[in-house]
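# Notes for the structure review
In case you want the letters, here they are:
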Amino acid sequence: MGKTSVNAEYSYFVPTGGLVFRIRNMLSQFSDLFSEFNKYIAPAYHHDRCERSVTMRLYKMHKREMCLVFLAFFACLLLTIFIGLSGPPITWSTEISAKELTVNQTNKNNDFLATGPFVIKTPVLTTYSQQLWLIAKMEIDNIDDEIIDKPFTIFVTLDGLTENHTPKPLMTSNRNRTRHLNCKMTNCTPFIVLHRGFLDFSHYIITIRFQLHNFHQRYHINDIKFYFRTYNPAFTQIEIWFRFIFLFSAFVTTCWFSHTLRKYPISYWSLEQLGVYVLLPLLILFDNPLFPLTFLVNSWLPGLLDAVFQTTFLCGLLLFWLCVYHGLRQNERSFLKFYLPKIIVVLPLWVCAINLACQEKIKELQDPTYSHSLDNINYNSFQTLLCISGLSYVIYLFILILKSYSELRSMPYFDLRLKFLTVFMMFVIVISTLVTMGNFGFGLLEDSFISDLNTTYKSSAKFMCFYGLLNFYLYTHAYVYSPDEQMQIERSITKDNPAFSMINDSDSEVGNYDDVRKPLNKNDYDSD
């Protein structure tokens, strides 16, 4: 019994926790050292971390504020669409019948409608008319339920009338082009005779000849309708004003967004902030500050630059989506491993669009009868490459979205960034697709959209929708991704929210953890 009591008494007084406290103290000192580098370490080895970047306004927005942002975006977009609905039609056209031209012909014959020549004088044109299309549509007697697809040759000469009313040849020789006549019953599809990319004369004289002898003998051509179609001068004035408004708004937004980020090193910017910072100058080019030169300079170069600026911005937007969805999961973003693969995916789209735009402008300058879809032997190759590149982009983007949501949807703030980016991206894609399906031609093949006479352009709504959508999209992103200055000033409001305090406050601001880790009795260390 005595021995047992002595052992019990001995085990009671020995500080058995002394070694444990020493180990715990060493670990706490290591933890303090580790916490100094904690903000530079991602949650996972490949994830970017929110507290490494400048605090965005998105982090403090509640559901009510987010709804207000979406409401403001939709309200501005609907306002521009309503303004466009009340505006003038985009195009203006004049119809001339071939039978009316036979009155002035001295050498009429039975095959006149199948051969010509048709000498047509254009109506008065101004610089606000921008471009000129001559479109032909045939009316035939085809009572059989037969679909006709017949290639034929047309011969065209083009002269411009000077101020002295003397014709000036604009084509060095009588150009012959092959066109296809597609008819079902008596309804034939219109085809483009020529297209003039810029107008340097107020009147043009066009002489047209066909080779349709055999076709006329079998189906009998009743009449040929010729349509002169240009941009509506009233629409051009609206386009100038609203392009200027969008340009001024984009410039102000760019200056404001750059001013808000000036205090922070670029290494602290989030990927969204860096992307918007690059896209805003491209948006200024998209709105085209050189657009008035189209009416001041007698050259095709301003129209070409407009197509280049639009294509560059759209491809930059596609690259932005790829970088953000991948960058949220990627901590190291070297050029070769991170940016180069995405550039390779987007670059073919840009090259094909720029090539088609430049080639069409230059070819039409030499020959207004040139058509990229009919006279370009490489057109099918470009079209195939464009489809393959577009499909590759969609697949790549879809994979990045799936991976982002599978890895980051449960992480704080990442899910908010993903949802905001995805909702706006899907809205832009859907609206842009609807506008494109409506045959609104501002884009890759801008100069050929008017060739379809079945498409009606009763208002300027599609133009306003297209430009308003992309401008308001960038304005909204600039506001949401801008640094939140109020969170830096009103510390008390931020500290009331534990989630935000973890991001914005350091360990010293949250509290002194050394006091918590210190033992209550200092003699415990001394006893060891």
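Read on for an overview of the structure. Just so we're clear, the structure is a prediction, and the values are computed from it rather than from any experiment.

Calculation rules
- Residues numbered from 1 in each chain as written.
- Predicted model: local features only at pLDDT ≥ 70, side-chain atom pairs only at ≥ 80, totals over all residues.
- Heavy atoms only, no water.
- Helix = DSSP H or I, 4+ residues; strand = E, 2+ residues; numbered from the N terminus.
- Buried < 20%, exposed > 50% of the residue type's maximum accessible area, 1.4 Å probe, protein only.
- Contact = heavy atoms within 4.5 Å.
- Areas by Shrake-Rupley, 256 points an atom, 1.4 Å probe, with all protein chains shown as cover.
- Phe/Tyr/Trp six-rings, centres within 6.5 Å; stacked < 30°, edge-to-face > 60°.
- Axes fitted to C-alpha atoms, helices over the stretch in contact; angles between N-to-C directions.
- Parallel < 35°, antiparallel > 145°, perpendicular 65-115°, else oblique.
- Left-handed = near helix turned anticlockwise from the far one by under 90°.
- Nonpolar A, V, L, I, M, F, W, Y, C, P; charged D, E, K, R; others polar.
- Patch = residues over 30% accessible without salt bridge, like charges linked within 9 Å, V, L, I, M, F, W, Y side chains within 5 Å.
- Salt bridge = Lys/Arg side-chain N within 4 Å of Asp/Glu carboxyl O.
- Core = buried A, V, L, I, M, F, W, Y, C linked by side-chain atoms within 4.5 Å.
- Expected span 1.5 Å × (residues − 1).
- Disulfide = S-S within 2.5 Å.

## Quick word on the overall build of the protein
Helices and strands together make up the secondary structure of the protein, namely 21 helices and ten strands. Across the 528 residues in the protein, those meeting the buried criterion constitute 45%. Within the protein, contacts between residues separated by at least 24 positions form 82% of all contacts whose residues are at least 6 apart in sequence. Here the protein has roughly 27,900 Å² of accessible surface; of this, 62% comes from carbon and sulfur atoms.

## Some details on the packing of aromatic side chains
This structure, assessed with the given rule, holds 32 aromatic pairs. Plain terms: the ring middles of Tyr128 and Phe295 are 5.5 Å apart, the flat faces sit at 90 degrees to each other, and that makes the pair edge-to-face. Here Phe295 lies in helix α9 (residues 293-296) and Tyr128 lies in the loop between β2 (118-121) and β3 (132-140), a separation of 167 residues in the sequence. We classify Tyr128 as partly exposed; its relative accessible area is 31%. In this structure Phe295 comes out as buried when scored by relative accessible area, which is 13%. Here Phe286 and Tyr467 contribute two aromatic rings whose centre-to-centre distance is 4.9 Å and whose plane-to-plane angle is 35 degrees, an arrangement assigned as tilted. In this pair, Phe286 sits in helix α8 (residues 271-287) while Tyr467 sits in helix α15 (residues 461-480), placing the two residues 181 residues apart along the sequence.

## Re the packing of helix α3 (residues 63-85) against α15
Running from amino to carboxyl end, α3 crosses α15 at an angle of 160 degrees, the nearest separation of the two axes being 9 Å. The orientation of α3 relative to α15 falls into the category roughly antiparallel. Considering the relative orientation of α3 and α15, their crossing is right-handed. Contacts between α3 and α15 involve Val69, Phe73, Cys76, Leu77, Thr80, Ile81, Ile83, Gly84 and Leu85 from the first element and Ala461, Met464, Cys465, Gly468, Leu469, Phe472, Tyr473, Thr476, Tyr479 and Val480 from the second. Across the contact of α3 with α15, the residue classes tally to 15 nonpolar, four polar and no charged.

## Observations regarding a nonpolar patch on the surface
A contiguous nonpolar patch, built from Trp241, Phe244, Ile245, Phe248, Phe251 and Val252 and spanning about 670 Å² of accessible area, is present on the exposed surface. Taking the relative accessible area as the measure of exposure, Ile245 reaches 40% and is therefore partly exposed.

## Regarding the nonpolar core
Core analysis: the biggest nonpolar cluster contains 73 residues, and Phe320, Trp321 and Tyr473 have the highest contact counts within it. With 14 residues, α15 is the single largest residue contributor to this core.

## Focus: α15
One full turn of an α-helix is made of 3.6 residues, so residues set three or four places apart face in the same direction. The end-to-end C-alpha distance of α15 is 27 Å, a good match for the 28 Å that 20 residues give at a rise of 1.5 Å each. Of all 20 residues that make up α15, 18 are buried, and the element is covered over most of its length.

## Here we look at the state of the cysteines
One pass over the structure, following the stated rule, counts one disulfide. Bridging Cys183 to Cys188, the disulfide has an S-S length of 2.0 Å. As the torsion about the S-S bond is roughly 105 degrees, the Cys183-Cys188 disulfide counts as right-handed. When sorted by exposure, Cys183 lands in the same class as Cys188, which is buried. Here Cys387 is not cross-linked by a disulfide; its sulfur's nearest cysteine counterpart is in Cys352, at 9.5 Å. Taking relative accessible area as the criterion, Cys387 reaches 53% and is therefore assigned exposed.

## Points about the environment of Ala478
Relative to the helices and strands, Ala478 resides in helix α15. The sequence separation of Ala478 and Arg57 amounts to 421 residues, and the corresponding C-alpha distance is 9.8 Å. Ignoring any residue separated from it by four or fewer positions in sequence, one finds Ala478 in contact with Thr253, Trp256, Phe257, Val276 and Leu280.

## Describing the pattern of salt bridges
Once the charged atoms of two side chains with opposite charge are near each other, the side chains can pair. According to the stated counting rule, one finds six salt bridges in the structure shown. The residue Arg196 makes a salt bridge to Asp200 at a minimum N-O spacing of 3.4 Å. For Asp200, a relative accessible area of 27% gives the class partly exposed. Here Lys225 and Asp223 are joined by a salt bridge, their closest N and O atoms 3.5 Å apart. Take Lys225 and Asp223: they sit in the same class, and that class is buried. Salt bridges sharing partners connect three or more residues here, namely Glu95, Asp223 and Lys225.

The quantities given are spatial measurements derived from coordinates; they are silent on function.
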